[in-house]
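This is what each chain is made of:
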Amino acid sequence: MSIYRDDGIVLRTHKLGEADRIVTLMTRGRGKVRAVAKGVRRTRSKFGARLEPLSHVTMMCWQGRELDIVNQAEVLETFRGVREDLGRVTKAYTLLEVVDQLAQEGHANPRLYEMVLGALRALEEEDSPLLVPAFLLKVLALEGSAPTVDVCVSCAAPDDLVAFDLTEGGVLCRSCRRGRSLSPEGLELLRRILGGGLASALREPAGTLADELTELATEATEVHLERRLRTVHSSPTD
Ligand SMILES: [Zn+2]
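Residues numbered from 1 in each chain as written. Predicted model: local features only at pLDDT ≥ 70, side-chain atom pairs only at ≥ 80, totals over all residues. Heavy atoms only, no water.

1. Topic: the overall build of the protein
At step 1: Looking only at helices and strands, one finds eight helices and eight strands in the protein.
At step 2: In summary, the protein has a C-alpha radius of gyration of 20 Å against a globular reference of 18 Å for 238 residues, a match within 12%.
At step 3: In the protein, the share of contacts with a sequence separation of at least 24, taken over all contacts with a separation of at least 6, comes to 55%.
At step 4: As displayed, the protein offers around 11,900 Å² of accessible surface, 47% of which is attributable to carbon and sulfur atoms.
At step 5: Distance between charge centroids for the protein: 7 Å, based on 32 positive and 35 negative side chains. (Helix = DSSP H or I, 4+ residues; strand = E, 2+ residues; numbered from the N terminus. Rg over C-alpha atoms; globule rule 2.2 N^0.38 Å. Contact = heavy atoms within 4.5 Å. Areas by Shrake-Rupley, 256 points an atom, 1.4 Å probe, with all protein chains shown as cover. Lys, Arg positive; Asp, Glu negative; His and termini not counted. Charge placed at Lys NZ, Arg CZ, Asp CG, Glu CD.)

Set out below in structure tokens:
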């Protein structure tokens, strides 16, 4: 068996047998990795609470045929501020769920890794209402599925853009309208997030505009993933 070292963010964990866990991580160098952490559920485990969802870790693993085996793990960042705030932890779990859906085993996706790490760091700093929708829209763009936001996707009209439908590929004018309605402010914010104005978008306050973008980005992501986002539609105590 060969051994490797990589950095990763723990996406989720599952019990395995009496004392072990399967840990799913988004790694910098190898995409999604599933690895067994032996003895992790014993109180005197050498891994302790290091391999919990959200942790940014550096680890050494034995490469296995199906599952790798964690040999060493050190925490780089715990995101304590996120963990101790229910609202923020729910948002963080949405980011992790989307990454879990998009990342593939054996395929490095360093930009997706950097995006989720950057988003978790931003969330640790500040609970921005636009963080999750901005992340989702940026991920759609990374996937090559950025919505068209400059002209109507159906007739190329530049004005009177009043609707949004990702199945159609973006915004729609009044005569072509279908999907969900889009406010002028929503359109402006959408253009800012997808255009280079992310930092200013993250300073937008909570309110109807943030809610509109959150619903739009969630729906667009669900269309892209062809499934509902569990962490958005269920309470964390389910
Ligand atoms: Zn049109």
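Next comes the rest of the write-up.
2. Side note on the packing of aromatic side chains
Two aromatic rings, taken as a pair, are described by how far apart their centres are and by the angle between their planes.
At step 1: Per the stated rule, a full pass over the model turns up zero aromatic pairs.
At step 2: Just above the ring of Tyr4 sits the side chain of Arg30; from NZ or CZ to the centre is 3.5 Å. (Phe/Tyr/Trp six-rings, centres within 6.5 Å; stacked < 30°, edge-to-face > 60°. Lys NZ or Arg CZ within 6 Å of the ring centre and 35° of its normal.)

3. What about helix H5 (residues 184-195)?
At step 1: Taking 1.5 Å per residue, twelve residues should reach 16 Å; H5 reaches 16 Å between its end C-alpha atoms and fits that length.
At step 2: Among all positions of H5, only Gly186, Leu187, Leu189, Leu190 and Ile193 are buried. Mapping the buried residues of H5 onto a view down its axis gives an arc of 165°, with all of them on the same face.
At step 3: Those residues of H5 that are buried lie in contact with helix H4 (131-142), strand E6 (161-165), strand E7 (170-173), helix H6 (198-201) and helix H7 (208-225).
At step 4: Where H5 ends, the next residue or the one after it, Gly196, has phi of about 130°, a positive value. (Expected span 1.5 Å × (residues − 1). Buried < 20%, exposed > 50% of the residue type's maximum accessible area, 1.4 Å probe, protein only. Arc of directions from axis to C-beta.)

4. Some points on the pattern of salt bridges
At step 1: Inspection of the entire model under this criterion finds 16 salt bridges.
At step 2: Measuring nitrogen to oxygen at the nearest pair gives 2.9 Å for the salt bridge that ties Arg192 to Glu204. In this pair, Arg192 is assigned in helix H5 and Glu204 in the loop between H6 and H7, connecting sequence segments twelve residues apart.
At step 3: Where salt bridges share partners, they join Asp7, Arg28 and Glu114 into one cluster. (Salt bridge = Lys/Arg side-chain N within 4 Å of Asp/Glu carboxyl O.)

5. What about the coordination of the zinc ion?
At step 1: Those donors, Cys152 (SG), Cys155 (SG), Cys173 (SG) and Cys176 (SG), are the protein atoms that reach the zinc ion, and they lie 2.3 Å from it.
At step 2: Around the zinc ion, the four donor atoms sit at angles spanning 101 to 116°, and that spread fits a shape best called tetrahedral.
At step 3: Within one chain, the residues donating to the zinc ion are spaced in sequence as C-x2-C-x17-C-x2-C. Separated by 24 residues along the polypeptide, Cys152 in the loop between H4 and E6 and Cys176 in the loop between E7 and strand E8 (180-181) bring together distant segments of the chain.
At step 4: Residue classification places Cys176 among the buried positions, given a relative accessible area of 13%. (Donors = N, O, S within 2.8 Å, 3.2 Å for Na, K, Ca; no water. Tetrahedral: all angles 85-135°; square planar, octahedral: opposite > 155°, others 65-115°.)

6. A short note on helix H3 (residues 110-125)
At step 1: Between the first and last C-alpha of H3 there are 22 Å, a value that for 16 residues agrees with the 22 Å anticipated at 1.5 Å per step.
At step 2: Within the sequence span of H3, burial applies to Leu112, Tyr113, Met115, Val116, Leu117, Ala119, Leu120 and Leu123.

7. A few points about the side chain of Glu97
At step 1: With respect to the helices and strands, Glu97 occurs in helix H2 (residues 86-102).
At step 2: In this structure the side chain of Glu97 is engaged in a polar contact, spanning 3.1 Å, whose partner is the side chain of Arg227.
At step 3: From its side chain, Glu97 meets the backbone nitrogen of Arg230 in a polar contact 2.8 Å long.
At step 4: Residues within four places of Glu97 in sequence aside, it is in contact with Arg227, Arg228, Leu229, Arg230 and Thr231. (Polar contact = N/O pair within 3.5 Å; in protein donor to acceptor, adjacent residues only side chain to side chain.)

8. Observations concerning the sheet that holds strand E2 (residues 20-27)
At step 1: Reading around the barrel, the five strands line up as E1-E2-E3-E5-E4 and close back on themselves, with mixed pairing between neighbours. Going across the sheet, the axis of each strand differs from the next one's by a mean of 50°, ignoring polarity.
At step 2: Both strand E4 (residues 56-62) and strand E5 (residues 68-77) contribute to a ladder of seven bridges, which runs antiparallel. Paired with Met60 across the strands is Gln72, a residue of E5.
At step 3: Those strands touched by H2 are strand E1 (3-16), E2 and strand E3 (31-37), and its axis lies near 110° from that of E1.
At step 4: Against the sheet, H3 contacts E1, E2, E4 and E5, and its axis sits at roughly 65° relative to E1. (Pairing = 2+ DSSP bridges. Axes fitted to C-alpha atoms, helices over the stretch in contact; angles between N-to-C directions.)

9. Remarks on the nonpolar core
At step 1: Among the nonpolar cores identified, the biggest contains 54 residues, and Leu120, Phe135 and Leu190 are the most heavily contacted of them.
At step 2: Breaking this core down by element, the ones donating at least two residues are E1, H2, H3, H4, E6, E7, H5 and H7.
At step 3: Ignoring anything within four residues of it in the chain, the contact list for Leu190 reads Leu137, Val149, Phe164, Val171, Leu182, Leu213 and Leu216.
At step 4: With 15 residues, the next largest nonpolar core counts Ala37, Leu51, Met59 and Ala73 among its residues. (Core = buried A, V, L, I, M, F, W, Y, C linked by side-chain atoms within 4.5 Å.)

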